[in-house]
Amino acid sequence: MKKKPVVKVRLKDRRRRESYIAYGVYALIIVSLLSGIAYATRLTQFSVSEVRIAGVTHAPKDAIAAEVEKVISGTYALLVPKRMIYVVPRGVVVERVVTNFPIVESATVSRDGRALVVTIVERTPAALYCHTTCYRMDAYGFVFDTEHGDTLPKYRGSAVELGGTY
């Protein structure tokens, strides 16, 4: 019977093969960890189930809720969804609501279970600014809403856009 020749592997080659195996194991651990994070953060018990708008009398409630939904759609680094109740971008939600809706003076974001609650403080009208149409303005001259048949004092002047200051 013929004996198989003994192949001696050089130490350098053996170490290279061992390092490739170690890199493969590390890569597998990292991929498993990232997959676990992506899976866990998408579970329904950690997602925002509804957006509630509180403190609104004149502001468009549905439009504000739609704007909040736009903000929380998407992900952080394609891994963690912004809808996850613990990582909702609260500052961005407040900024978008205050910027896009001039009637909103301030907003706060909180959570109630799985619901995201946006509490709105609306501007208080102090007078009307009239150019071609009349708009409400607050005590600081900020023009924020169209007239709703108010009996407030009227001021006239050059054209000021909605969201501007008289």
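Reading the values: rules and limits
- Residues numbered from 1 in each chain as written.
- Predicted model: local features only at pLDDT ≥ 70, side-chain atom pairs only at ≥ 80, totals over all residues.
- Heavy atoms only, no water.
- Axes fitted to C-alpha atoms, helices over the stretch in contact; angles between N-to-C directions.
- Helix = DSSP H or I, 4+ residues; strand = E, 2+ residues; numbered from the N terminus.
- Parallel < 35°, antiparallel > 145°, perpendicular 65-115°, else oblique.
- Left-handed = near helix turned anticlockwise from the far one by under 90°.
- Contact = heavy atoms within 4.5 Å.
- Nonpolar A, V, L, I, M, F, W, Y, C, P; charged D, E, K, R; others polar.
- Disulfide = S-S within 2.5 Å.
- Buried < 20%, exposed > 50% of the residue type's maximum accessible area, 1.4 Å probe, protein only.
- Pairing = 2+ DSSP bridges.
- Core = buried A, V, L, I, M, F, W, Y, C linked by side-chain atoms within 4.5 Å.
- Phe/Tyr/Trp six-rings, centres within 6.5 Å; stacked < 30°, edge-to-face > 60°.
- Lys NZ or Arg CZ within 6 Å of the ring centre and 35° of its normal.

Engineer: Sorry, what's going on with the packing of helix α2 (residues 61-72) against helix α3 (residues 90-100) here?
Structural biologist: Helix packing geometry: the angle between the two helix axes and the distance between the axes. Close contact between α2 and α3 brings their axes to 10 Å; oriented N to C, the two are set at 140°. As far as their axial angle goes, α3 and α2 are oblique. Taken as a pair, α2 and α3 cross one another with a handedness that is right-handed. Counting all contacts with α2, which are made through Ile 64, Glu 67, Val 68, Val 71 and Ile 72, the residues of α3 involved are Val 92, Val 93, Arg 96, Val 97 and Asn 100. Tallied by class, the residues present in the contact of α2 with α3 amount to 7 nonpolar, 1 polar and 2 charged.

Engineer: Help me understand the state of the cysteines in this model?
Structural biologist: By definition, a disulfide links the sulfur atoms of two cysteines through a covalent bond. In the structure shown here, the tally under the stated rule is 1 disulfide. Covalent S-S linkage joins Cys 130 and Cys 134, the inter-sulfur distance amounting to 2.0 Å. Its S-S torsion of approximately 105° makes the covalent link between Cys 130 and Cys 134 right-handed. No difference in accessibility class separates Cys 130 from Cys 134, as the two residues are buried.

Engineer: Whenever I open this one, the environment of Lys 12 confuses me. Can you help?
Structural biologist: Along the polypeptide, Lys 12 turns up in helix α1 (residues 11-41). Residue classification places Lys 12 among the exposed residues on the basis of a relative accessible area of 54%. Sequence-wise, Lys 12 and Lys 70 are 58 residues apart; in three dimensions their C-alpha atoms are separated by 56 Å.

Engineer: Explain the sheet that holds strand β6 (residues 127-130) here, please?
Structural biologist: Sheets are built from strands that pair by backbone hydrogen bonding, the pairs being arranged parallel or antiparallel. A sheet is described by the order of its strands in space; here 4 strands give the open sequence β8-β7-β6-β9, paired in mixed fashion. Because the sheet does not close on itself, it has two edges, and the strands there are β8 (143-146) and β9 (154-156). Each neighbouring strand pair of the sheet contributes to a mean axis angle of 40°, computed without reference to strand direction. Relative to strand β7 (residues 134-137), β6 runs antiparallel, the two sharing 4 bridges. Note that in β7 the partner of Tyr 129 across the bridge is Tyr 135.

Engineer: Looking at this structure, how should I read the nonpolar core?
Structural biologist: For soluble globular proteins, the rule of thumb is that nonpolar side chains tend to be buried together. Ranked by internal contacts, the top residues of the largest apolar core, which has 23 residues, are Ile 64, Val 93, Val 97, Val 104, Val 118 and Ile 120. Mapped onto this core, the elements with two or more residues apiece are β1 (50-54), α2, α3, β4 (104-112) and β5 (115-122). When residues no more than four places from it in sequence are discounted, the contact partners of Val 104 are Ile 64, Val 97, Val 98, Ile 120, Val 121 and Arg 123. Residues Tyr 129, Tyr 135, Met 137 and Val 160 belong to the second largest nonpolar core, which totals 6 residues.

Engineer: Sorry if this is basic, but what is going on with the pairing of β8 here?
Structural biologist: Side-chain positions along a regular strand alternate between the two faces of the sheet. In this structure, β7 lies alongside β8, joined through 3 bridges in antiparallel fashion. What sits directly across from Arg 136, in β8, is Asp 145. Between the end of β7 and the start of β8, which pair antiparallel, lie 5 residues, with Gly 141 showing a positive phi angle near 85°.

Engineer: Mind showing me how you'd approach the packing of aromatic side chains here?
Structural biologist: Any aromatic ring pair is given by two values, namely how distant the centres are and how the planes are angled relative to each other. Taken as a whole and assessed by the stated rule, the structure comprises 1 aromatic pair. The residue whose ring lies beneath Lys 82 is Tyr 76, and the NZ or CZ to ring-centre distance is 5.6 Å. The lysine or arginine in question, Arg 123, covers the ring of Phe 142, its NZ or CZ lying 3.9 Å from the ring centre.

Engineer: Can you help me understand the sheet that holds β5 in this one?
Structural biologist: The strand order β1-β5-β4 describes an open sheet built from 3 strands, whose pairing is mixed. Of all strands in the sheet, those with a lone pairing partner are β1 and β4, marking the two edges. Recorded for the sheet is a direction-independent mean angle of 20° between the axes of neighbouring strands. Sheet topology places β4 next to β5; 8 bridges connect them, and they run antiparallel. Its bridge partner being in β5, Thr 108 is matched across the sheet by Thr 119. Lying on the sheet, α2 is in contact with β1, β4 and β5; it crosses β1 at an angle near 135°.

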